[in-house]
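Coordinates in review
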Amino acid sequence: MDIQNKRISDAEFNALRQEVLTQWPTGKDVDLEEAVAYHKAMPECRDFAKKLINAKNAGKTLVQPRAGVPVLEEHIKLMQYLEKEGEADLLPSTIDSYTRQNRYAEAENGIKESERLGRAMLNGFPAVNHGVAKCRQVVESVNTPLQVRHGTPDARLLTEITYAGGFTSYEGGGISYNLPYCKNVPMEKTITDWQYVDRLTGLYEEMGVSINREPYGPLTGTLVPPCISHAVAIIEALLAAEQGVKNITVGYGQCGNLVQDIAAIHTLEELTNEYLQKYGYNDVVVTTVLHQWMGGFPADEAKAFGIISSGALTAALARATKVIVKSPHEAVGIPTMEANAQGLRCTKQTVNMLIDQTFPESALAEEKEIIRQETRCLVDKCFELGSGDIAVGACRGVEAGVLDVPFAPCRYNAGLMLPCRDNNGAIRILKMGNLPFTDDLKKFHEEKVNERAKFERREPSFQMVIDDVYSIGKGHLVGRPRYK
């Protein structure tokens, strides 16, 4: 497949669009000009991009849950509950797994079975099946901006319907919704399909409607070094900007070490702006999101609230523009709306308590510089591999193991790099694989891992990685408990 980081022409886009809108009957209800008029008539309180800008300017951290159920009336009830009882600043509609795989007939059956049985038989909101009018019912049922959150490799029809339905933010990207989610989908395919998503977003922008785009930050959510998720976010931001996107939120999944996590959020915004401006995208607004801990949770709800609070504290001290909130039911499955609201209120309380507090910059300086150097090594190497074209470079970078996401299911991911924690719980790299780091950076990681190994009186090994995967769920940060 030919691929390049070049804005899709109107003729090519319109030809693709005719095909996309026929993938399911609800596509016939999409009318771009009518949808733009609908967005322009909406009250400002439902404008996701504007609310992010206001929060960024005020130094405020907004709170947002994950949530979605299949039946329209129940989904509306859920959104209203999280807005009122959860005090959510921003709302999601998490999309079901059948829709994510473009299996709309099975999603339709899931809606019918959910209605018949009186309980959710899908793990999210099947927006394509519900169509434009029902999406608008959801949007109009609350006074809080709504975002589509999903995990879809080919999200083109979902984007068309939810944008026309009034959603003002959209998560995902051609790398971040491939490597952590797919097994056999080539990178060229997902990047091309997501260029369509970004071009549609750019068309809305050109017609006077700014829709927020958010690359998926945590990736696999398991011991992902900041430089890996930063590189993916920066590349997806560049790909989006080329298609005309002007409002981008880059994300990062909490890893647990406070200094590293705060340094990561700071450098993520800094480096994204650096690369956007370097390549001529000077009018893009960049905001940040911290995802609370994405790994294993304890079943004990009191302990789970401890993890949620630590994520809230990290987001607040890092001045992330928003934080994606977990619930105390993470260990057992999809949370009740009451548990979801509890996680939100816990986070809101912590964020509000810390709004006037800052973390000393002197404590962050070394970690920030390490993340900067590592991230530039990865992104610059992708540009080199693509002969200056970042779309080509991203595909070749994945193939070469330059972009190597730990524990990703995708067969195109190299899987050669192995992370583990250092003696202070920061994520370091045990096995470099093909990461194009300098000798100094390689030595830095080796020394950090050896320092831990010496403290624990064992050799650096894969057992460290295993211990670290389960550590937080067991009540400590580094693989082995440091207390008796």
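Now for a look at the structure at hand. Treat the numbers as computed from the prediction; the structure is a model and nothing was measured.

1. Some points on the side chain of Ser327
Positionally, Ser327 belongs in the loop between strand 8 (322–324) and helix 13 (337–353). When near neighbours in sequence (up to four residues on either side) are disregarded, Ser327 contacts Phe297, Ile308, Pro335, Ala339 and Asn340.

2. What to know about the environment of Leu179
Within the secondary structure, Leu179 is located in the loop between strand 4 (169–171) and helix 9 (187–206). Remark: the alpha-carbon pair of Leu179 and Tyr412, spanning 233 residues in sequence, is separated by 7.8 Å. Residues contacting Leu179, with those up to four places away along its chain left out, are Met187, Val398, Val405, Ala408, Pro409, Cys410 and Asn413.

3. Remarks on empty space enclosed by the protein
In this structure the tally under the stated criterion is 3 cavities of 30 Å³ or more. There is about 80 Å³ of room inside the largest cavity. Looking at the largest cavity, it is lined by 13 residues, and the ones nearest its centre are Pro218, Gly221, Val224, Gly253 and Cys255. For the lining of the largest cavity, a count of residues per class yields 7 nonpolar, 6 polar and no charged. Approximately 50 Å³ is the volume found for the second largest cavity. Around the second largest cavity, the lining residues are Gly173, Gly174, Ile191, Trp194, Gln195, Asp198, Arg213, Glu236 and Leu239. Mapped onto the lining of the second largest cavity, the elements with two or more residues apiece are helix 9 and helix 10 (226–242).

4. Let's talk about the pattern of salt bridges
According to the stated counting rule, one finds 30 salt bridges in the structure shown. The partner of Arg17 in a salt bridge is Glu160, and the shortest N-O contact between them spans 2.7 Å. In this pair, Arg17 sits in helix 1 (residues 10–20) while Glu160 sits in helix 8 (residues 156–164), placing the two residues 143 residues apart along the sequence. Taken as a pair, Arg17 and Glu160 share a single burial class, namely buried. Glu106 is the salt-bridge partner of Arg103, the closest N and O atoms lying 2.7 Å from each other. Owing to a relative accessible area of 38%, Arg103 belongs among the partly exposed residues under this scheme. Residue class for Glu106 comes out partly exposed when judged on its relative accessible area of 31%. Among the ionic contacts, a cluster of salt bridges with common partners joins Arg452, Glu456, Arg458, Asp467 and Asp468.

5. Here's the deal with the layout of surface pockets
Empty pockets left among the atoms are what a rolling probe the size of a water molecule brings to light. As a volume, the largest pocket reaches approximately 940 Å³. As for the largest pocket, its lining consists of 36 residues, of which Arg66, Ala67, Thr94, Ile334 and Pro335 are closest to the centre. When residues of the lining of the largest pocket are assigned to their parent elements, the largest contribution, 3 residues, is made by helix 4 (residues 72–84). In the lining of the largest pocket, the residues fall into 16 nonpolar, 12 polar and 8 charged.

About the cut-offs
- Residues numbered from 1 in each chain as written.
- Predicted model: local features only at pLDDT ≥ 70, side-chain atom pairs only at ≥ 80, totals over all residues.
- Heavy atoms only, no water.
- Helix = DSSP H or I, 4+ residues; strand = E, 2+ residues; numbered from the N terminus.
- Contact = heavy atoms within 4.5 Å.
- 1 Å grid on protein atoms, 1.4 Å probe; cavity = no way out; pocket = protein on both sides within 12 Å on 5 of 7 lines; lining within 4 Å.
- Points joined across faces, edges and corners; volume = space filled by probe spheres on them.
- Nonpolar A, V, L, I, M, F, W, Y, C, P; charged D, E, K, R; others polar.
- Salt bridge = Lys/Arg side-chain N within 4 Å of Asp/Glu carboxyl O.
- Buried < 20%, exposed > 50% of the residue type's maximum accessible area, 1.4 Å probe, protein only.

Just distances and angles here, no functional claims.
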